[in-house]
Amino acid sequence: MSASAPAPIADPKLNRKVVAISIGAALGGFLFGFDSSIINGAVDSIQGDFELSDAFTGFAVASALLGCAVGAWFAGTLANKYGRIRVMVISAIVFLISSFGAGLCFGVWDLIAWRVIAGLAIGAASVIAPAYIAEVAPAKFRGRLGSLQQMAIVLGIFAALLTDQVLATTAGSADEVLWLGQEAWRWMFMAAAIPALVYGIAALTLPESPRYLVSKHRTEEAAQILREFSGEDHVDHKIDEIRVSMGEDERRSLGDLRGKAWGLKPIVWTGILLSVFQQFVGINVIFYYSTTLWQSVGFDESDAFLTSTITSVTNIVVTIIAIALVDKIGRRLLLLIGSAGMTVSLGLMAVAFSTATVDAAGDATLDGGWATAALIGANAFVVFFGATWGPVVWVLLGEMFPNKIRASALAVAAAAQWLANWAITVTFPELASVGLVLAYGFYTTMALISFFFVFFRVPETKGMELEEMSSDVAVKRGKFVHSTAGPAADEIEGDAGR
């Protein structure tokens, strides 16, 4: 650094203003949770109205995830060029329009197109929220503020389940006409316009990221935001650190991610694999296909809303636990605990389903103690995921990358996450047709591998300033190792990725 370190200052306190703007940014996660669950109440009606096969229905449901991957991929480039706030506002507008488009669709291809467009907005929002929160939050509180993204997601899931239930109950069923000659399932999609509108209005009130402002030489604006929202006392020194960490080249592109380890920097691969493991443990199977699971352990189909609601509320509670712990015990320990817990709980489900009785229709049924074991395993899995991998991955993705590549690297990692989500969603029915033990056996294996991945490859970022995560930082045995060797640091970083 060009400037000398400032004198030690008093332990910072959490500024209400930074909490408020972090909540505003995290509303993008609410859109993700709401949209991913709102379609659950409409699936049967869509299949019946448009006379779709099971396979094509699955494609229609998962189509938004492909849009999410594309939206996430380009969000980093757009955020670097136009700023974080503009991308948030554009995402809100696109999601608002797509909500009405999906609700008023004429046919299935029309619906799929609008779902993909909605995915573009959700994918972009999923990148911007964690990046923005990390860039405005003080290092001491960055973990719990970053966890607000996951809290918003699970609240969005719960709100969507409640919306589906209210609209379907009011109309008599999702197939019945509700208002203005439109069926209830169409209103489920149009209801998404409300959170989109709230998100857009909230985004317009947020200050721009100080890191983005420094990259555009708008240092006076950056200084004001750092002082007022981030609680930074030594603003000039912080701006110098940000400027140095970003380098002299103002241009930001995906080309900045190139490295010697399989074409990408090792830290970028770490982010990608974190994203993939978060999905490959099969968490969305629990939310997307929960009815199949609950029926196999003895619940009636009419109880689907109750059981799904219990799972959703559990997810909310354990996310609160994660928010309380992430800045106290660190990211790595939480992830390791989560991987171990998920391995045991998923393994219990795999063993339980190995005893299942399969009828002529191919439906699995568990009897006696194994039904209880599967139920315990499923809920324990939700607890371990929701308290660890759910929020902590978003925290890490927002903070672990150097300033120069943060938005672009996060975009690539998030795109990988959406593609992994899509792959798990569309492959579960086929895996389940062979046997649920195969599906849950695969998820168990992924959870086990994730433990060793975290131990050897994931850095601890608790309490670190974003400017410390620069090109002279190497990942080695899961810890950040600071190099003072100048240019040689890049070689160290490359070795750690091989």
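Residues numbered from 1 in each chain as written. Predicted model: local features only at pLDDT ≥ 70, side-chain atom pairs only at ≥ 80, totals over all residues. Heavy atoms only, no water.

Caption draft 1: How the structure looks around the overall build of the protein chain. Within the protein chain, the regular secondary structure consists of 21 helices and six strands. Across the 498 residues in the protein chain, those meeting the buried criterion constitute 57%. Taking contacts inside the protein chain between residues at least 6 apart in sequence as the whole, the part at least 24 apart equals 77%. As displayed, the protein chain has an accessible area near 20,200 Å², and 65% of this comes from carbon and sulfur atoms. (Helix = DSSP H or I, 4+ residues; strand = E, 2+ residues; numbered from the N terminus. Buried < 20%, exposed > 50% of the residue type's maximum accessible area, 1.4 Å probe, protein only. Contact = heavy atoms within 4.5 Å. Areas by Shrake-Rupley, 256 points an atom, 1.4 Å probe, with all protein chains shown as cover.)

Caption draft 2: A look at the confidence of the model for the protein chain. Confidence in the prediction of the protein chain, expressed as mean pLDDT, is 76, and 77% of residues score 70 or more. Considering only residues more than four positions removed or in separate chains, one finds that residues 1–11, a stretch of pLDDT under 50, has 14 contacts. (pLDDT = per-residue confidence, 0-100.)

Caption draft 3: View of the packing of aromatic side chains. If you walk through the whole model with that rule in mind, you get 10 aromatic pairs. Arranged with centres 6.1 Å apart and planes meeting at 25 degrees, the rings of phenylalanine 30 and phenylalanine 34 form a pair that is stacked. Taken as a pair, phenylalanine 30 and phenylalanine 34 lie in helix H1 (residues 16–38) at a separation of four residues, close to a single helical turn. You can call phenylalanine 30 partly exposed: its relative accessible area is 21%. (Phe/Tyr/Trp six-rings, centres within 6.5 Å; stacked < 30°, edge-to-face > 60°.)

Caption draft 4: Structural context of the packing of helix H4 (residues 84–103) against helix H5 (residues 108–136). Interaxial distance between H4 and H5 falls to 8 Å at its minimum, and their mutual angle equals 155 degrees. Considered as vectors, H4 and H5 are oriented roughly antiparallel to each other. By crossing handedness, the relation of H4 to H5 is classed as left-handed. Counted together, Arg84, Ile85, Val87, Met88, Ser91, Val94, Phe95, Ile97, Ser98, Gly101 and Ala102 of H4 and Leu111, Trp114, Ile117, Ala118, Ala121, Ile122, Ala124, Ala125, Ile128, Tyr132 and Glu135 of H5 form the full contact between these two elements. Within the contact of H4 with H5, the residues separate by chemical class into 17 nonpolar, three polar and two charged. (Axes fitted to C-alpha atoms, helices over the stretch in contact; angles between N-to-C directions. Parallel < 35°, antiparallel > 145°, perpendicular 65-115°, else oblique. Left-handed = near helix turned anticlockwise from the far one by under 90°. Nonpolar A, V, L, I, M, F, W, Y, C, P; charged D, E, K, R; others polar.)

Caption draft 5: Main features of the pattern of salt bridges. Scanning the entire structure with this criterion turns up three salt bridges. Residue arginine 186 pairs with glutamate 183 through a salt bridge whose shortest N-O separation is 3.2 Å. Among the salt bridges present, the one from glutamate 221 reaches arginine 218, with a minimum N-O distance of 2.9 Å. (Salt bridge = Lys/Arg side-chain N within 4 Å of Asp/Glu carboxyl O.)

Caption draft 6: Expanded view of helix H7 (residues 148–171). Under the 1.5 Å per step criterion, the end-to-end length of H7 is 34 Å for 24 residues, consistent within 8% with the ideal 34 Å. Once H7 ends, the next one or two residues include glycine 172, with phi positive near 105 degrees. (Expected span 1.5 Å × (residues − 1).)

Caption draft 7: The side chain of threonine 343, seen in detail. With respect to the secondary-structure elements, threonine 343 resides in helix H17 (residues 331–353). A polar atom in the side chain of threonine 343 sits 2.7 Å from the backbone oxygen of serine 339. Sequence-distant contacts of threonine 343, that is, excluding residues within four places in its chain, are made with Thr444, Ala447 and Leu448. (Polar contact = N/O pair within 3.5 Å; in protein donor to acceptor, adjacent residues only side chain to side chain.)

Caption draft 8: Region of interest: helix H9 (residues 193–204). Relative to the 16 Å expected for 12 residues at 1.5 Å per residue, H9 spans 17 Å between its end C-alpha atoms, a close match to the ideal helical length. Buried residues of H9: Ala193, Pro195, Ala196, Tyr199, Gly200, Ala202 and Ala203, and no others. Close packing links the buried residues of H9 with H1, H4, H5 and helix H8 (184–190).

Caption draft 9: Layout of a negative patch on the surface. The grouping of Asp44, Asp49, Asp175 and Glu176 at the surface amounts to a negative patch. Tracing the backbone through its elements, the reader meets aspartate 175 in the loop between H7 and strand E1 (177–179). For aspartate 175, a relative accessible area of 43% gives the class partly exposed. (Patch = residues over 30% accessible without salt bridge, like charges linked within 9 Å, V, L, I, M, F, W, Y side chains within 5 Å. Lys, Arg positive; Asp, Glu negative; His and termini not counted. Charge placed at Lys NZ, Arg CZ, Asp CG, Glu CD.)

Caption draft 10: The arrangement of the environment of glutamine 417 in detail. Relative to the helices and strands, glutamine 417 is located in helix H19 (residues 406–434). Glutamine 417 sits in the buried class, given a relative accessible area of 3%. Beyond its immediate chain neighbours, meaning those up to four positions away, glutamine 417 contacts Ser275, Gln278, Gln279, Val393, Trp394 and Leu397. Side-chain polar atoms of glutamine 417 contact the side chain of glutamine 278, separated by 3.1 Å.

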